[in-house]
Structures are given as C-alpha cells and as structure tokens.
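Residue-level structure breakdown
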Amino acid sequence: MTILVGILLLPFLGGSSSGLSSGAASSAVPDPAQSAPGIQATNAFYYYEDLDAAWAWYDEVMGFETVVDYGFAKILRVAPASYLTLVDAAAGMHSSEEPKSVTLAIVTEQVSGWWDYLTGLDVPMRADFDEIDGRPHDGFVAIDPEGYFLEFERFNPHPENPLLMPRLAEGGSLGPVTGSRPAELEVQATVLWLYYDALSPVEAFYERLLGNGLLVDQGWAKVYAASPTGYIGLVDGSRGLHQATEEAGVTVSFFTSEVGAWLERAEALGVEIREPGLSVESERVDVFVGYDPGGYYLEWDTFRDVEDNRRLLDLLGSR
C-alpha cells in the first residue's frame, strides 16, 4: 500500500492554523447526532524491518491468530473486534525508522498472569508492574521485537470507568489460538493510544468523525469507542508514554462493510484524502486514507470476497 502524506482540512473546528480550511460548506457537514456508518473492527498497522521475526513473536509469544496473510502484511486478531496488522516496512506507508509514537493497550482481566508469563520469557519491560488498590486501572508496558509498546491494562470498577465497564463485560474475550500463551490469559479489548500536543481539537475531530461521545476521561487522556472491542485513546504527549511527533510509524485502521459511506462522511467533514474516490489494493481491499489533526494516518478498509480474505470476512460477519 503506497499512499502519500496529505494535509488534514477541518472546517468544523475553525481557526486559521495549518490543517484547517474555511472553504467547505457548513451544510455538508454531517450532524454528529446522526449515526456514523458501521465499524466492524479496529486495526493498527505496525511496520517492521524484519517482518518474519515480528510475526513469529506475535504468533508464538502472544498467541494471536493470523487471519489474513498477504505475504508483505499479516493481519492478526487480538480481541473479538480488534486487529493488528504487521507490515514489511519496505512495502508499507511508513518506514521502520519513524518514531513509534503509539501504544497498543491489550485490555485484560489477567494482568498479573500476563506479567508472569511475559517476564518468564524475558520479554523486555518498560518498568516494573505494581498493583495499587483503588486505582482506575492497573497495568504494565512490554516492548515488542522492534520497539513498539504493548500495554497490558485492566480497567477497574471506579468512578472514572462507569461507561466502559459494561461494554467490556458485554464484548466477550479472546484466548490464544497458537503459541505458548496459557489458555487462561485472555484479551477483552484494545485501546490504541495516540499522542498529541493539544487534545481539544483532536477530541472534537474524533467526536464528529465517529459520532461517539467521550467514554473515559482520564484528564490528560481520553477514550472513545470505535468498534465493539476497539477503542481510540487520545493522550497529552507531554504526560504520556510518548511525545507527540510529526511522523509516526503507525496507521490507524477501521474495518467496515461501508467504505463508500465512510468516504462520503470524511469528505463532508473536510478530511483531505489521498485522491478522490476509493482505491483498490491488489483486488483484495477497497480503501481510502485520511489524516487526523496530529498527522496520524487513518485508513478505512472493506475486504472483498476473495480467497485470501475468507477467514477475516467470516469473523467480521461479512459472508
């Protein structure tokens, strides 16, 4: 997938700074109260110098099922409606040298079990794991073979989480499909944490785009629902695990059966895309790409009913 960087236009946010446009007609902007087209699952594209080594690690250590294998890209199922795609950086939209300004949070009830399992395999950790009663969440951060952060996080019953807890209970969980991961270590959901210099314009952008209100407010971090088990987390880069960066070695992706409707919505909101209309990738996927206010790539994907996609389509309920 070779897609060029563009500039985001956000007429509904106003102002005159770079990335904003006053040329779009306000009558074309969708009413955020109206339902957005469906999102079947969230996905993140990560980019690797040694794709085979990264794939082997996620297969053997993490136990994620590979549901699509295009050779240069492998789509792995992390939670019931959350995916991670490993990409050969030589063939992707980002290089392996770009800042990895992203953290994939793996939401699980078995945080301490994951800690014991991963430390037993000598997986590098950012810091020690320390559970403290009364906190809204507990967790730790592991580091994958090429430096991406994986946060293993349990959200606790707490005044900060009343809207999230029922969603986690209803969303189900996913155990290992392969590798050495113990069967009792499950994944409920994912949060893709992204890092910004200023949160207010990004909050407005995602609320308009997704048509969802704020789900979790941590003060300097905000969480929005995207799919039944996939969440987008917006973080103040001055306080998070990463700083905000102009480039980031990740593409945020939304799997949908309604890519055309999403294209219309994105255009109406003033999101500049690569080119008018949809692109077709290798006769397998209909796709378009836009950019959020921090420059993160946003990609929408509808998978065609071809042999390579059959397992994924079954899981998405598209066949």
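Before reading further, recall that the structure is shown in the block above.
Cut-offs applied
Per-chain numbering applies: the sequence of each chain, read as written, is numbered from 1 onward. In keeping with the predicted nature of the model, local features appear solely for residues at pLDDT of at least 70, side-chain atom pairs appear and are counted solely at 80 or more, and the whole-chain, interface and lining totals rest on all residues. Calculated side-chain values reflect all of the structure's heavy atoms, with hydrogen atoms and water omitted. Helix numbers and strand numbers start at the N terminus; a helix is a DSSP run of H or I with at least 4 residues, a strand a run of E with at least 2. The buried label goes to any residue with under 20% of its type's maximum accessible area, the exposed label to any with over 50%, and the partly exposed label to all in between, with areas taken from a 1.4 Å probe on protein chains only. Only heavy atoms matter for contacts: two residues are in contact if any of them lie within 4.5 Å across the pair. Note on areas: Shrake-Rupley, 1.4 Å probe, and residue coverage restricted to the protein chains presented here. Aromatic pairing here means that ring centres of Phe, Tyr or Trp (its six-membered ring) are within 6.5 Å. Orientation follows from the plane angle: under 30 degrees is stacked, over 60 is edge-to-face, and everything else is tilted. We call a charge positioned over a ring when the NZ of a Lys or the CZ of an Arg lies within 6 Å of the ring centre and within 35 degrees of the ring normal. The criterion for strand pairing is that DSSP finds at least two bridges linking the strands in question. The arc in question is formed by the directions pointing from the helix axis toward the C-beta atoms. Axis definition: a line fitted to C-alpha atoms, limited for helices to the stretch in contact. Angles are taken between N-to-C directions and run from 0 to 180 degrees. In this text, buried Ala, Val, Leu, Ile, Met, Phe, Trp, Tyr and Cys residues form a nonpolar core when linked through side-chain atoms within 4.5 Å. A pair is scored as a salt bridge if a Lys or Arg side-chain nitrogen falls within 4 Å of a carboxyl oxygen belonging to Asp or Glu.

Details of the overall build of the chain
Across its full length, the chain carries 6 helices and 15 strands. For the chain, with 319 residues in total, the buried portion stands at 53%. Here the analysis covers contacts within the chain between residues at least 6 apart in sequence; of these, 65% occur between residues at least 24 apart. Roughly 13000 Å² of accessible area belongs to the chain as shown, and the carbon and sulfur atoms make up 47% of that amount.

What about the packing of aromatic side chains?
One pass over the structure, following the stated rule, counts 18 aromatic pairs. The ring of W55 has K74 sitting right over it, with the charged end atom 4.0 Å from the ring centre.

Section: the sheet that holds strand β6 (residues 137-143)
Strand pairing in a sheet relies on backbone hydrogen bonds, with the paired strands running either antiparallel or parallel. Reading across from one edge, β6-β7-β5-β8-β11-β10-β9 is the order of the 7 strands in this open sheet, with mixed pairing throughout. Lying at the two open borders of the sheet, with one neighbouring strand each, are β6 and β9 (216-217). Of the strand pairs in this sheet, strand β8 (residues 189-196) and strand β11 (residues 230-236) are connected by 7 bridges, and their pairing is parallel. Looking across to β11, one finds that W193 is bridged to G233.

Some thoughts on the environment of V123
Secondary-structure assignment places V123 in the loop between α2 (111-120) and β6. Along the sequence, V123 and P145 sit 22 residues apart, while their C-alpha atoms lie 8.8 Å from each other. Once you skip the residues sitting within four places of it in the chain, V123 turns out to touch W57, V61, L118, A142 and I143.

Structural notes on unusual backbone geometry
Phi is mostly negative for residues that are not glycine, and the peptide bonds are mostly trans. Its identity as a non-glycine residue notwithstanding, S282 has a phi of 55°, on the positive side. For S282, the location among the structural elements is in the loop between β13 (279-281) and β14 (285-291). Even without glycine at this site, E283 takes up a positive phi of about 60°. Inspection of the secondary structure puts E283 in the loop between β13 and β14.

Concerning the side chain of S279
Position of S279 among the secondary structure elements: in strand β13. Leaving out residues up to four positions away in the same chain, S279 has contacts with R274, V285, D286 and V287.

Digging into helix α1 (residues 51-60)
Those residues of α1 not exposed but buried are L51, A54, W57 and Y58. One face of α1 carries all of its buried residues, which in axial projection span an arc of 130°. Where α1 is buried, its residues touch β1 (41-48), β3 (73-79), β4 (82-88) and β7 (149-155).

Brief notes about the sheet that holds β4
Taking strand neighbours across the sheet as the criterion, the 8 strands line up as β2-β3-β4-β1-β12-β15-β14-β13 in an open arrangement whose pairing is mixed. Edge positions in the open sheet fall to β2 (65-69) and β13, since each of these has one partner strand only. Within this sheet the neighbouring strands show an average axis-to-axis angle of 30°, counted without direction. Pairing of β1 with β4 involves 7 bridges; the strand directions are parallel. Looking at the pairing, N43 lines up with Y83 of β4. Here α1 sits on the sheet and contacts β1, β2, β3 and β4; the angle it forms with β4, its principal contact strand, is near 155°. Seen against the sheet, helix α5 (residues 259-268) touches β14 and β15 (297-303) and runs at an angle of roughly 20° to β14.

Things to note about the nonpolar core
Core analysis: the biggest nonpolar cluster contains 87 residues, and Y46, Y58, M62, L118 and Y206 have the highest contact counts within it. Looking at this core, the element that brings in the most residues is β8, giving 7 residues. Look past the residues within four positions of Y206 in its chain and what remains in contact with it is L194, Y196, G211, I232, L234, D292 and L298. Core analysis: the next-biggest nonpolar cluster, separate from the first, contains 13 residues, V67, Y70, F255 and L316 among them.

Concerning the pairing of β2
In this structure, β2 lies alongside β3, joined through 4 bridges in antiparallel fashion. If you follow D69 over to β3, its bridge partner there is K74. As consecutive antiparallel partners, β2 and β3 are separated by 3 residues, and within that stretch G71 has a phi angle of approximately 90°, a positive value.

Focus: the pattern of salt bridges
All told, the structure shown has 13 salt bridges when counted by the stated rule. Here R311 and E65 are joined by a salt bridge, their closest N and O atoms 2.8 Å apart. Of this pair, R311 sits in helix α6 (residues 310-316) while E65 sits in strand β2, and the two are 246 residues apart along the sequence. Residue E65 is classed as buried on the basis of its relative accessible area, which comes to 15%. Two residues, K222 and D217, come together in a salt bridge whose shortest N-O distance is 2.8 Å. Connected through shared salt-bridge partners, D305, E307, R310, D314 and R319 make up one network.

Treat this as a map of the structure, not an account of what it does.
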